[in-house]
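Observations on chain architecture
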Amino acid sequence: MVVGKMKLTFQKRVKLAQYLWMLSWFATLGGAVTFTLGCFLKTELRRRGEVMDNTDIHCVPNTLMIVGLASMGINYFASRICQDALDPGRFPRWKTFLKPFFGCSVFFTTLMLISVILSYAMKGSLETSLKIGLKNGIRFYKDTDTPGRCFQKQTIDRLQMEFQCCGNSNYRDWFEVQWISNRYLDFSSKEVKDRIKSNVDGRYLIDGVPFSCCNPSSPRPCIQYRITNNTAHYNYEHQTEELNLFIRGCREALVYYYMGLMNTIGAVVLSVFLLQCSVLASVRLLQTSMEAVAGQENVEVDSEGYLLEKGVKETFMEYVDPVLKLLWMNQVTPPEAKAEAGAS
Amino acid sequence: MVLLKIKFPFQKRVRLAQGLWLLSWVAMFSGAITFAMGVFLKTELHRRSEVMHSMDIHIVPNLLMAVGLASVGINICAGKVCQDSLDPSRFPRWKTFLPPFFCFSVFITSLLLVAMILSFALQPSLEESLKIGLKNGIRFYKDTDTPGRCFQKETIDRLQIEFQCCGNTNYRDWFEVQWISNRYLDFTSKEVKDRVRSNVDGRYLLDGVPFSCCNPASPRPCIQYSLLDNSAHYNYEYQSEELNLYNRGCRQALVNYYMGLMNTIGPCVLFDFLLQMTILVSLRYLQTAMEGVIGQENVEIETEGYILEKGVKETLLETKEKMKKILQFAQVGDASAVTPDTQPDAEKPATA
């Protein structure tokens, strides 16, 4: 059962080839744009790599970069093919090339769609990675004298100021962690001794946050220490105070930022995907209609073009069988030898 | 005495016209870039206009924008002129247009140089404007409830965070100003009463700074209050502490930023100026060379091109005389309606 059969007159074939040539150049541009977007996303993810626990999310920009490069190559060949399509003398040399070409193209085009789906599917993984990364960042905030962690403070401070966020889920995350180093605590003072004795691990915990949590939009000078103590500050009620610190947690802020990036990129990549599909379908139609003309004396005759000679399932098996055979070749011989040994 | 005479055979004229046409396109882009840079500079100055007292410095981007646009127009005309120059039948229609065109173009191109000089000359004015603007910003920091000043706090905070600076000259500027509003001061407490009584104006002054002065690069949590009191904080010496707050003053930071911008724009503007002058000189040569060809049968003869027919002084005197005549003509035209008797007087010097 033939899929997508179309009658193509000579004029139609010529116009198809011309439009296809232009379309393939646009699609090449689209491929370049996809590659650039992949690079940009990777750079943005790397900039905040210090507050991410794992690099699983990097598969999205990596896929985009691979697909972008591949699509540039595919569309270049597509334009060459349709340049030769109208010349029956030059077209046959593409004959053996076209089957693997279509196989690769369909594979990479599907990969494009997969990357868009991944960018939404990996949101959960990104959030978990950020949760652990920020938790560690806040824990090691005070360790400015420990090699390997001495820049955590600066990283977290700049992150909170730039994304206008505080803590992991909210500012209370800072209450559960000692973020002031022992180097700056006077252990002879009563206050310090009381606080350290008040918890099992002997940590100096306070209801205060670093200065980078302060919100510049607040009408009053920033209150960073004794936040939950209403009497410590004049005319202050921490339950109703909204503008003093950043309310948003950094995890939410970063997830929101990256999802926004990926939504924009996803929309662009989806349109490139549609462009690519139309290019491939047109090349297929052109090829099949030209094959019907090949060998004939009168080139200007009507011919039929189709997308798939057999049905979808059969065509898929046709492509997949050689690949499977290649993979099974290595495995087939040992069981055969065993069967022979068993038989004898 | 003719200025800078050059002989132009036919081939040279053709090549001059072709080269000039190409160059005029490049100069058009260059003019567009100058315009874009003017717009960019104006936007950047406008963004920080709340801490600037006067708008004197805006003359630099305004000049750049005006010159950029004018030079696009000038180069389009130049391109058209050299397209027509190789056709002796079409060239004469430009005859009356070209002398005022040259005057105008030279004026506009010299404005580029003026803009560049101004960008350096106005630096003290910019610094003064920032000094007053920042001083007011710091003074009105606390007035978040006063209409018209309620955003000063946010402006100054965001400025200090973005430019990594503190205060006007340095962080001590915050010690001389009450930056905490009375709404948040407990006037029943002894500490507040002592501080308010300690100075003539009754202001609450303290040796503390807002949080936006804090430096994230500091290894210890930020110390913003009791800055001059070594005993108030454990293991702290304010004389040797460098990383706690930003050391730079915001005036210095902003002046550096804007001077950096203008230093980057300067070479591009200089390039545009040189390109434009080259085009005007080449166009002048082309015009004078073509004038030698007009009216002749054989178009392919050799002609001479020059920049000025007479010397610089004589040309200036001639231009002056022409301007005087035009002005007199305008005055005579007005006066003739009132006093017809003065007309013979105007004709007398000609007959004498």
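Residues numbered from 1 in each chain as written. Chains lettered and ligands numbered in written order. Predicted model: local features only at pLDDT ≥ 70, side-chain atom pairs only at ≥ 80, totals over all residues. Heavy atoms only, no water.

Short version of the rule: UniProt positions are given in the numbering used here, feature names are shortened, and annotations may be inferred rather than shown by experiment.
If you check an unreviewed UniProt entry, chain B appears there as Retinal outer segment membrane protein 1b from Cyprinus carpio carpio. Regarding chain B, the UniProt comment filed under Sequence similarities (unreviewed entry) reads as follows: "Belongs to the PRPH2/ROM1 family." In its Subcellular location (unreviewed entry) section, UniProt records this for chain B: "Membrane".

An unreviewed UniProt entry lists chain A under the name Retinal outer segment membrane protein 1a, with Cyprinus carpio carpio as the source organism. In its Sequence similarities (unreviewed entry) section, UniProt records this for chain A: "Belongs to the PRPH2/ROM1 family." As its UniProt record puts it under Subcellular location (unreviewed entry), chain A is described as follows: "Membrane".

**Section: the state of the cysteines**
Residues and elements named next belong to chain B. The line we're drawing: Two cysteine sulfur atoms form a disulfide, by the criterion used here, when they sit within 2.5 Å. The secondary structure listing takes helices from DSSP runs of H or I that are at least 4 residues long and strands from runs of E that are at least 2 residues long, numbered from the N terminus. For every residue, the accessible area obtained with a 1.4 Å probe (protein chains only) is divided by the maximum for its type, and the residue is called buried under 20%, exposed over 50%, and partly exposed between those limits.
Here the structure, examined in full by the defined rule, presents six disulfides over all chains. Across the disulfide from Cys166 sits Cys213; the S-S distance is 1.9 Å. Classification of the bridge connecting Cys166 and Cys213 rests on its S-S torsion, roughly 80°, and on that basis the disulfide is right-handed. One end of the pair, Cys166, is in the loop between helix 5 (152-163) and helix 6 (190-197); the other, Cys213, is in the loop between helix 6 and helix 7 (250-291), and 47 residues separate them in sequence. The exposure class of Cys166 is buried, given its relative accessible area of 0%. Take Cys213: its relative accessible area is 0%, and that puts it in the buried class. Note that Cys214 is cross-linked by a disulfide to Cys222, the S-S spacing being 1.8 Å. Across the disulfide from Cys214 to Cys222, rotation about the S-S bond amounts to roughly -80°, and the bridge is consequently left-handed.

**Here we look at the side chain of Asn168 of chain A**
Tracing the chain through its elements places Asn168 of chain A in the loop between helix 5 (152-163) and helix 6 (190-197). The exposure class of Asn168 of chain A is buried, given its relative accessible area of 7%.

**Points about the pattern of salt bridges**
All names here are of chain A. Convention followed: We define a salt bridge as a contact between a side-chain nitrogen of Lys or Arg and a carboxyl oxygen of Asp or Glu at a distance within 4 Å.
Inspection of the entire model under this criterion finds 27 salt bridges over all chains. Salt-bridge contacts for Arg251 lead to Glu127; the nearest nitrogen and oxygen are separated by 3.9 Å. Of the two residues, Arg251 is situated in helix 7 (residues 250-293) and Glu127 in helix 4 (residues 123-139); the sequence distance between them amounts to 124 residues. Given the relative accessible area of 16%, Arg251 is considered buried.

**Section: the packing of aromatic side chains**
Just so we agree on the cut-off: Under the pairing criterion, centres of Phe, Tyr and Trp rings, with the six-membered ring standing for Trp, must be within 6.5 Å; the plane angle then separates stacked pairs below 30 degrees from edge-to-face pairs above 60, leaving the rest tilted. Placement of a charge over a ring requires the Lys NZ or Arg CZ to be within 6 Å of the ring centre, with the centre-to-atom vector within 35 degrees of the ring normal.
Counted under the stated rule, the structure contains 26 aromatic pairs over all chains. Taken together, the ring pairs connect Tyr76, Phe77, Trp94, Phe97, Phe101 and Phe102 of chain A into an aromatic cluster. The positively charged end of Arg195 of chain B is found above the aromatic ring belonging to Tyr204 of chain B, 6.0 Å away from the centroid.

**A closer look at the UniProt feature "transmembrane region" (unreviewed entry) in chain B**
Residues and elements named next belong to chain B. Mapped onto the present numbering, the UniProt feature "transmembrane region" (unreviewed entry) falls on residues 20-41, 62-81 and 101-122. Helix makes up 100% of residues 62-81 and strand makes up 0%, while its end C-alpha atoms are separated by 29 Å. For residues 101-122, the end-to-end C-alpha separation is 31 Å, with 95% helix and 0% strand making up the annotated structure.

**Observations regarding the UniProt feature "transmembrane region" (unreviewed entry) in chain A**
Mapped onto this structure's residue numbering, the UniProt feature "transmembrane region" (unreviewed entry) falls at residues 20-41, 62-78, 98-121 and 255-275 of chain A. Secondary structure across residues 62-78 of chain A comprises 100% helix and 0% strand; the distance between its end C-alpha atoms is 24 Å.

**What to know about the nonpolar core**
Inclusion rule: Nonpolar core, defined: a set of buried Ala, Val, Leu, Ile, Met, Phe, Trp, Tyr and Cys residues in which side-chain atoms within 4.5 Å join the residues together. Contact definition: two residues touch when any of their heavy atoms are within 4.5 Å.
Counting 82 residues, the largest nonpolar core has Trp174, Val209 and Leu227 of chain B as the members making the most contacts within it. Breaking this core down by element, the ones donating at least two residues are helix 1 (10-47), helix 2 (59-85), helix 3 (98-121), helix 4 (123-139), helix 5 and helix 7 of chain B. With 19 residues, the single largest contributor to this core is helix 7 of chain B. With sequence-adjacent residues up to four places away left out, Trp174 of chain B is seen in contact with Ile138, Tyr141, Ile156, Gln160, Cys166, Gly167, Trp179, Leu206, Gly208, Val209, Pro210 and Cys213 of chain B. Core analysis: the second largest hydrophobic core is formed by 56 residues, Met52, Val67, Ile156 and Phe273 of chain A among them.

**Focus on the interface of chain B and chain A**
Applicable threshold: When two parts are put together, the accessible area they lose, computed with a 1.4 Å probe and summed over both, is reported as buried area. Side-chain classes are defined by residue name, with Ala, Val, Leu, Ile, Met, Phe, Trp, Tyr, Cys and Pro counting as nonpolar, Asp, Glu, Lys and Arg as charged, and the others, Gly among them, as polar.
Each side of the interface is counted separately: chain B has 27 residues, and chain A has 27 residues. Where chain B abuts chain A, roughly 2500 Å² becomes buried across the two surfaces, and 61% of that area is made up of carbon and sulfur atoms. Taken together, chain B and chain A are joined by zero salt bridges. Its residues placed into classes, the side of chain B that touches chain A shows 14 nonpolar, six polar and seven charged.

**Topic: the side chain of Thr109 of chain A**
Of note, Thr109 of chain A is situated in helix 3 (residues 95-121). Filtering out sequence-adjacent residues up to four positions away, Thr109 of chain A remains in contact with Phe273, Gln276, Cys277 and Leu280 of chain A.

**Some remarks on the environment of Asn247 of chain B**
All names here are of chain B. Just so we agree on the cut-off: Each polar contact in these results corresponds to two N or O atoms within 3.5 Å; when the atoms are within protein, one needs to be able to donate a hydrogen and the other to accept it, and residues that are neighboring in sequence are counted only if both atoms are side-chain atoms.
Within the secondary structure, Asn247 is located in the loop between helix 6 and helix 7. Taking the C-alpha atoms as reference, Asn247 lies 9.1 Å from Asn215; in sequence the two are 32 residues apart. What Asn247 contacts, discounting residues up to four positions off in sequence, is Asn170 and Glu242. Within the local environment of Asn247, its side chain forms a polar contact with the backbone oxygen of Glu242, the two atoms lying 3.3 Å apart.

**Let's talk about the packing of helix 1 (residues 10-47) of chain A against helix 2 (residues 59-85) of chain A**
Residues and elements named next belong to chain A. We count it as follows: Angles shown run from 0 to 180 degrees and are taken between the N-to-C directions of axes, each axis being a line fitted to C-alpha atoms and, for helices, limited to the stretch in contact. Geometric relationships in this document are graded by angle, where less than 35 degrees denotes roughly parallel, more than 145 denotes roughly antiparallel, 65 to 115 denotes roughly perpendicular, and other angles denote oblique. Helix crossings are classified by the rotation of the near helix relative to the far one: an anticlockwise turn of less than a right angle makes the crossing left-handed, while a clockwise turn makes it right-handed.
Relative to each other, helix 1 and helix 2 sit at 165°, their axes nearing to 7 Å. The orientation of helix 1 relative to helix 2 falls into the category roughly antiparallel. In the packing of helix 1 onto helix 2, the handedness of the crossing is left-handed. Considering only residue class, the contact of helix 1 with helix 2 consists of 19 nonpolar, eleven polar and one charged.

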